[in-house]
Every structure is written in structure tokens, then in C-alpha cells.
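Descriptive structure summary
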Amino acid sequence: MSNETRRWAAAIRGSQRPAYLALADALAEDIQSGQLVAHQRLPTLRVLAAALGLNFSTVARGYAEAERRGLLDARAGSGTYVREVLRSGPVRRAPPGTLIDMTMNMPPEPDDAALLQRLREGLGWLASDREVHAWLRYQPFGGQIEDREAGAQWLRDLLPALEPSRVLICPGAQGALLGLFTLLARPGDHIACEAVTYPGIKGLAAQLGIRLVGLPADDAGLDPEAFAALCAADLPKALYLNPTFNNPTTAVMTPERRAAVCEIARRYNVPIIEDDPYIWLCARRPLPLAAMAPELCFYVTSFAKCLGAGLRIGYVVSPNARYTARLSAILRTTSVMAAPPMIRLATRWIEDGTVEAMTAAIRAESAARQALARRILRRASYRSRSEAFHLWLAVPEPWTRIEFALHLRAHGVGVVVSDTFTVSGKAPAAVRVCLGGEGDRLACQHSLEIIEDAIEQAPAITSKVM
């Protein structure tokens, strides 16, 4: 037995995945690490099957899978050879028994040395600042004027006429949403939203005693007619929307529907909470509702999806100075202020172009992972966008969404069932799959392969009751 086949045999024995996938994984790792080189001929199917103690068809499936991934080239009458593959550095694998977490909707982490150095330099600049005490003092809520100006500068790509006086800096977008729900509604009131929506507002509404009314939506966004009907029958205190790369469905509200919703909101004087953290991923960004109806819209965004959630810096734009003052008082009560060091770091990264560079890198890596999904999830039905880092995956029969998620978790992949996002009506047969987070592209590929395997096979029907 050669050194290669010994490695592959050990990898197959140590894997919890089907043998043919474990073989393809082992081949991929050897190619990435340089232990298999371009144009190298591999053992024949029969020779390898005998060496590994596998049957012929399993090895054939493993080779076919590796060929599907673009790793091998099978030449009729000549054999199977390693293709020319661009190596991207050392392969990082999740240790056996760990979970590939595709539940938290975090952006992928670009592995670009120059970009990582820029981030380190920013953190180093913060640590080297001589005004240490300034970071430890209370600051004006909403940020110093220069920090609000930097936030307005960043947001002017979306809201061209924005004045810094309308911008408040918050400890993340979730804190801003808490303040807005508190400002616009009281216990027992209701706020309209999409029937399937960001789960963070479900928790806020429950905490505040506010009822959410879910309205129908599709890939073009919220149904304006349903919104108009609700306003005529039972006027909501506000409308919450996540209109761009909706979490979880990835829907992008069309310009026509944005305009129609703004017109209805004006007619009934309904404030709009536009939660828009994903818009920065769009190469061609849609016009926000806040640009169409600035007198009604509270615009909320943050760095969580275009730089990193750990910064905990968000921005909220109010319709006018009166609302800004009222919201500031509420947010000061609930959170006092955002951390001053993080505000200064955010300002620096806006001004020196780091935010823009990170956003572009995350957008590019998201597109690469979407390409993986298109290649691997051939049997799956899902909704997504080429620059988004999550999928809304339909769960095929005879799986139920709960069985499907439990099966994936048992195989090391975490996803989120639709019940988490459903406000009203029956939860759809779907799960949200995040392609980002701390896992690298290879981990993302492995998790997608596990999902594709689950779609291919029917659930095991077992019972402990006889």
C-alpha cells in the first residue's frame, strides 16, 4: 500500500461521512496540500478498491465526486489524473465531532493578508492612542459630532441629503430596534411586518408586549395590497421591513413595491422601520424606502453584515430632529451609549476605506460560496442572491423541516427551521442556511455536501414503540 492510499484509508476510517465522500475529501486535501500534484495519475478503480477494502462502485463514486468538484480528470483509455487546481493555502478542517454552525447569519471572513493587516493596524492605532482616559468616559449619546459626520458620510451613498444631526450611533442595530419599538408602540399595540421575518423583532415584541401582524410577501417583497387592507381595517403603529436580502428569504423588494408601500404609509401616516444591514452586499444597491419617504422612515443599518458583528456599532436615521431627540432619550435609558473605542474605530475604518474594502471582500467571498452552492445543491430548491451569504432552502418531502434539521445536526451541520422566523400562518417547509461565519470555504463545501446528501436520501423511518 502506497503512502497516498494509507492516508486515504485512515481518512475514510476517521470520517463520519459516506465512504465515497470521505475519499473525495481525502483527495481534495492532498491536492490542496500539494501531496498530489497536477497531472499525477491516480490508481485505477480496481487497484484502489482492493487497497482500501472498498467495493468498486464506492471508489467509482468517490472519483466521480472528486471530478465533479473539478479536482480530477478522467480520460477514457488512459486513466484518472489530478487536474491543475489553484491552491489557496493550508486546508482547515473542523475537528471530528464538532458542529459546522450555519445557524448564525454572519458574513464570511475573508482570508486576505493585506486586509487582515489593515484590521490589525486599526486595532493597533486604538491601543496606541495616548488619550486613554477619553475612552473610559461617558460620551454624548449618539456619538461625538465627528463620529456622526463619519456615519452620515458612509450613509450618503444611500441617503444623499443626510445631515449628521439625524444620525444616532447605537450599540448595534438590535439596540436601535429596541428603541424604535419602544418609541412607536405601547404594550397591546401592533406593528406590521412580513409574515416570515427577522427573528430578532419577535423577541423584542414579546418583551415589550407588542403584537406583530405578519403580512404576505414573496420574492418581490411585502404585498402592498395586504398592507393597505390592514391599515384600513386595523391601523398598525408602525411597519417593520427588512427589504434587501431579507433575513431569511433573501427577497429584495422591488422599486415598484417600495414606492407603493411608501404611498400607503403616507396615506395612513404609518411610520416605517427600515432594517437594512444587508444592502451593503449589493453591488447595485436599491433605493431605500428612507430615500423615498424620509418624513416617515427610520433607517437602521450596521457593520454586522458588511464588516463584522463583534464591532457592535449601528446607525439609526430619524425622520426629523424631534424624533431624533425622543429616540436618543429612550436609547440612553436602555443602553447608555455605544462603546467609545468601538465608535472611534468605526470612524477610522470609514474614513480610511477599510469598511469599503472589507465589504467588497465579503461580497466577493459570498459570491464564491454561492457558486459552490449552485454546483453542489443540484437536487435542492432554494432562494438566494448571488452576493448574499444565506440560503432559504425548501425541505423536500418526505422530510419534515424538524426531521431535516435534526438529521443535519446529527451529521455536524446546524441550520435554522422556518418556525423561528414565522410570525403568522403556517411555517413553510424550509430552513435557513448561512454560508458565512468562521468556517472557511472548504468547511462550507463540506456542509453543503452533507445537505445535498440529506436531500438525496429519504429520512429513516424508525420507531422505539412497537
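Summarised in this report is the structure supplied together with it.

About the cut-offs
- Residues numbered from 1 in each chain as written.
- Predicted model: local features only at pLDDT ≥ 70, side-chain atom pairs only at ≥ 80, totals over all residues.
- Heavy atoms only, no water.
- Helix = DSSP H or I, 4+ residues; strand = E, 2+ residues; numbered from the N terminus.
- Polar contact = N/O pair within 3.5 Å; in protein donor to acceptor, adjacent residues only side chain to side chain.
- Contact = heavy atoms within 4.5 Å.
- Pairing = 2+ DSSP bridges.
- Buried < 20%, exposed > 50% of the residue type's maximum accessible area, 1.4 Å probe, protein only.
- Core = buried A, V, L, I, M, F, W, Y, C linked by side-chain atoms within 4.5 Å.
- Phe/Tyr/Trp six-rings, centres within 6.5 Å; stacked < 30°, edge-to-face > 60°.
- Lys NZ or Arg CZ within 6 Å of the ring centre and 35° of its normal.

Turning to the side chain of Arg-17, a few remarks are in order. By the secondary structure assignment, Arg-17 is in the loop between helix H1 (3–14) and helix H2 (19–33). For Arg-17, the side chain forms a polar contact with the side chain of Glu-449, separated by 2.7 Å. If near-sequence neighbours (up to four positions away) are discounted, Arg-17 is found in contact with Ala-22, Asp-25, Arg-69, His-446, Glu-449 and Ile-450.

We now examine the sheet that holds strand S17 (residues 430–434). Pairing is antiparallel across the open sheet formed by 4 strands, whose spatial order is S13-S14-S17-S16. Looking along the sheet, the strands with just one partner apiece sit at the ends: strand S13 (382–383) and strand S16 (416–417). The sheet contact formed by S16 and S17 spans 2 bridges and is antiparallel. If you follow Val-417 over to S17, its bridge partner there is Val-431.

With respect to the element layout, Ile-191 can be found in strand S5 (residues 190–194). Sequence separation between Ile-191 and Gly-214 is 23 residues; the distance between their C-alpha atoms is 8.7 Å. Beyond its immediate sequence surroundings of up to four residues, Ile-191 is in contact with Phe-181, Ala-185, Ile-210, Arg-211, Leu-212, Val-213, Ala-238 and Tyr-240.

Let us look at the environment of Pro-459. The topology assignment puts Pro-459 in the segment after helix H17 (441–456). A relative accessible area of 10% means that Pro-459 is categorised as buried. Put simply, Pro-459 and Glu-397 are 62 residues apart on the chain and 9.2 Å apart in space, counted from C-alpha to C-alpha. In this view, Pro-459 contacts Pro-398, Trp-399 and Glu-403; residues no more than four positions away in its chain are not counted.

Next up on the list: the nonpolar core. Note on soluble globular proteins: their nonpolar side chains tend to be buried together. Within the largest apolar cluster, 64 residues are counted, with the highest numbers of intra-cluster contacts made by Trp-154, Phe-227, Leu-239, Val-261, Phe-303, Ile-313 and Tyr-315. Judged by nonpolar contacts, the second largest core, of 29 residues, contains Phe-141, Leu-212, Phe-298 and Val-300.

Another point: the packing of aromatic side chains. Applying the stated criterion to the full structure yields 8 aromatic pairs. Ring geometry for Trp-154 against Trp-280: centres 4.1 Å apart, planes inclined by 10°, an arrangement best described as stacked. Highlighted residues: Trp-154 in helix H7 (residues 145–155) and Trp-280 in the loop between strand S10 (272–275) and helix H12 (289–292), separated in sequence by 126 residues. Here the two residues Trp-154 and Trp-280 agree in accessibility, since each one is buried. One aromatic cluster is present, built from ring pairs that chain together Trp-154, Trp-280, Phe-303 and Tyr-315. For Arg-75, the ring lying beneath its charged end belongs to Tyr-81, and the centroid distance is 4.1 Å.

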